[in-house]
Amino acid sequence: MKNTILASRCLLAVLMLVAGAVEAEPRWWKGNTHTHSWWSDGDSPPELIAKWYKEHDYNFLVLSDHNIMQQGEKWYPIDEPYRRPEQIQAAYDKYLKTYGEKWLEVRTVNGNKEVKLKTLDEFRPLFEESEKFIFIKGEEITDRFKAHPVHVNGVNLVELIEPQGGRSVIETIQNNMDAVKAQSEQYAQPMISHLNHPNFYFAQTAEDFFYLNLKEGDGYFEMYNGHSHVFNYGDENHQSAERMWDIVLSKRLGELRKSLIYGVAVDDAHEYTKWGLGVTNPGRGWIMVRAEYLTPNSITEAVKRGDFYNSTGVQLSELVHKGNTIEVAVAPKKGVSYTIEFVGTLTDADLKARSKVVEHTHFNLSDHEHKEIRTYSDDIGKVLKSVSGAKASYKSNGDELYVRVRISSSKKHPNPFKEGDVEMAWSQPFVFSKD
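Presented here is an overview of the structure given in this document. (Residues numbered from 1 in each chain as written. Predicted model: local features only at pLDDT ≥ 70, side-chain atom pairs only at ≥ 80, totals over all residues. Heavy atoms only, no water.)

## Examining the sheet that holds strand E4 (residues 106–109)
Pairing in this open sheet of three strands is antiparallel, and the strands run E3-E5-E4 from one edge to the other. Edge positions in the open sheet fall to strand E3 (75–77) and E4, since each of these has one partner strand only. Strand-to-strand, the axes of this sheet are offset by a mean angle of 35°, without reference to chain direction. The sheet contact formed by E3 and strand E5 (residues 112–116) spans three bridges and is antiparallel. Counted as the bridge partner of Pro77 is Glu114 from E5. Against the sheet, helix H3 (residues 85–99) makes contact with E3, E4 and E5, and its axis sits at roughly 50° relative to E5, the strand it touches most. (Pairing = 2+ DSSP bridges. Helix = DSSP H or I, 4+ residues; strand = E, 2+ residues; numbered from the N terminus. Axes fitted to C-alpha atoms, helices over the stretch in contact; angles between N-to-C directions. Contact = heavy atoms within 4.5 Å.)

Next comes the structure, spelled out in structure tokens:
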């Protein structure tokens, strides 16, 4: 009888857990999809990196090392001088102090010290906690076309994807994104791909996105990247990454009848031992994903449907698109003021490109090469409504190609990409039904 009662209670407990899981309410999860470790060109081992993110209230992390995943055997040299020796030594000392001699496996080869890197499966148990923190497998597929670096992050991958190459910048992007999609279909697992830092050496332009063959939720690009050597805000001859996003959205939706392209914010961190302006630190930009569960598949599915926003510090308490209305509210910080802007392009906007020839310094090309660039009307990505305060709404007039929300605060970013940066947030673009 006692066994029967115990079994019944166990069954009831399981049923309650299942019922609770079914009724789980979506919530916001904070995460970064682009960061680097000793597995490629970061200055620290992945354990110290994961520790930093978890201690700073991130819920998920993608270690996106270049053309490698954290698996198999790899030894990292501590003594080679070309690898920022002071920072590497500082990381090694901290690594040893934090995890002890029993955790580290060290050898000496030709007088040089090497550390055997732990695989993701080995260090995952140190950090992962239900409803608190997880890793999502990923890779920065690091490719190029001629002088143009083409880097695509694959997120929630199962296995490594080799760079696919191509006969143009556009084809190289397409081929690498297609490889992520093919792996997703092969394993019946949700995956996403995003083009990294389009303004890195000004390697991509808005035009490279116009004709990409993507379904909604298949392809993204970084509209904010915290790497100090990326021209996030453009220059006198190049659009900012955010402006590029508006041009891409407007042309694809208004002229080419193609899908939305979602934008992501990342920090692209490489350095964790040295801090400040000009250093590629963590914590500059991230995504907030609305999902029921903190699992790789649940997070990835939510990102694929666009249920996330980008942030450099501003946190939202509400973001709702219902019918012809967008409602947004900030979780305000004491003493901080906010400006909420609804940014979009109207259906009658001038989408025509205009040519301009400039003397263009580009990657390893000559310093005085003449290059034709494209400029676009201010009709694209203009502010349709602006509200001072922590709450605002926008009602569609029926003549918008899309509308997205941008929130600026008066609070300075604690470790900015550029001096003077304030904490901000950006929604994904919303398209209103024409019915």
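## Section: the environment of Tyr338
Within the secondary structure, Tyr338 sits in strand E16 (residues 338–346). Residue classification places Tyr338 among the buried residues on the basis of a relative accessible area of 8%. Along the primary structure Tyr338 and Lys391 are separated by 53 residues, whereas in three dimensions their C-alpha atoms are 8.9 Å apart. Discounting chain neighbours no more than four positions away, the residues touching Tyr338 are Val314, Val330, Ala331, Pro332, Lys333, Val387, Ser388, Gly389, Ala390, Ile407, Ser408 and Ser409. Here Lys333 takes part through its backbone nitrogen, which lies 2.9 Å from a polar atom of the side chain of Tyr338. (Buried < 20%, exposed > 50% of the residue type's maximum accessible area, 1.4 Å probe, protein only. Polar contact = N/O pair within 3.5 Å; in protein donor to acceptor, adjacent residues only side chain to side chain.)

## Some remarks on the sheet that holds E16
Strand order in this open sheet of nine strands is E6-E2-E1-E12-E13-E22-E21-E16-E19, and the pairing throughout is mixed. Only two strands of the sheet have a single neighbouring strand rather than two, namely strand E6 (134–135) and strand E19 (382–388). Pairing between E16 and E19: six bridges, direction antiparallel. By the bridge assignment, Val343 is partnered in E19 with Val383. With respect to the sheet, helix H7 (residues 241–254) is in contact with E16, strand E21 (400–412) and strand E22 (422–426), its orientation differing from that of E21 by roughly 165°. The strands that helix H8 (residues 296–304) touches are strand E1 (27–32), strand E2 (60–61), E6, strand E12 (286–291) and strand E13 (308–311); relative to E12, the one it contacts most, it runs at about 100°.

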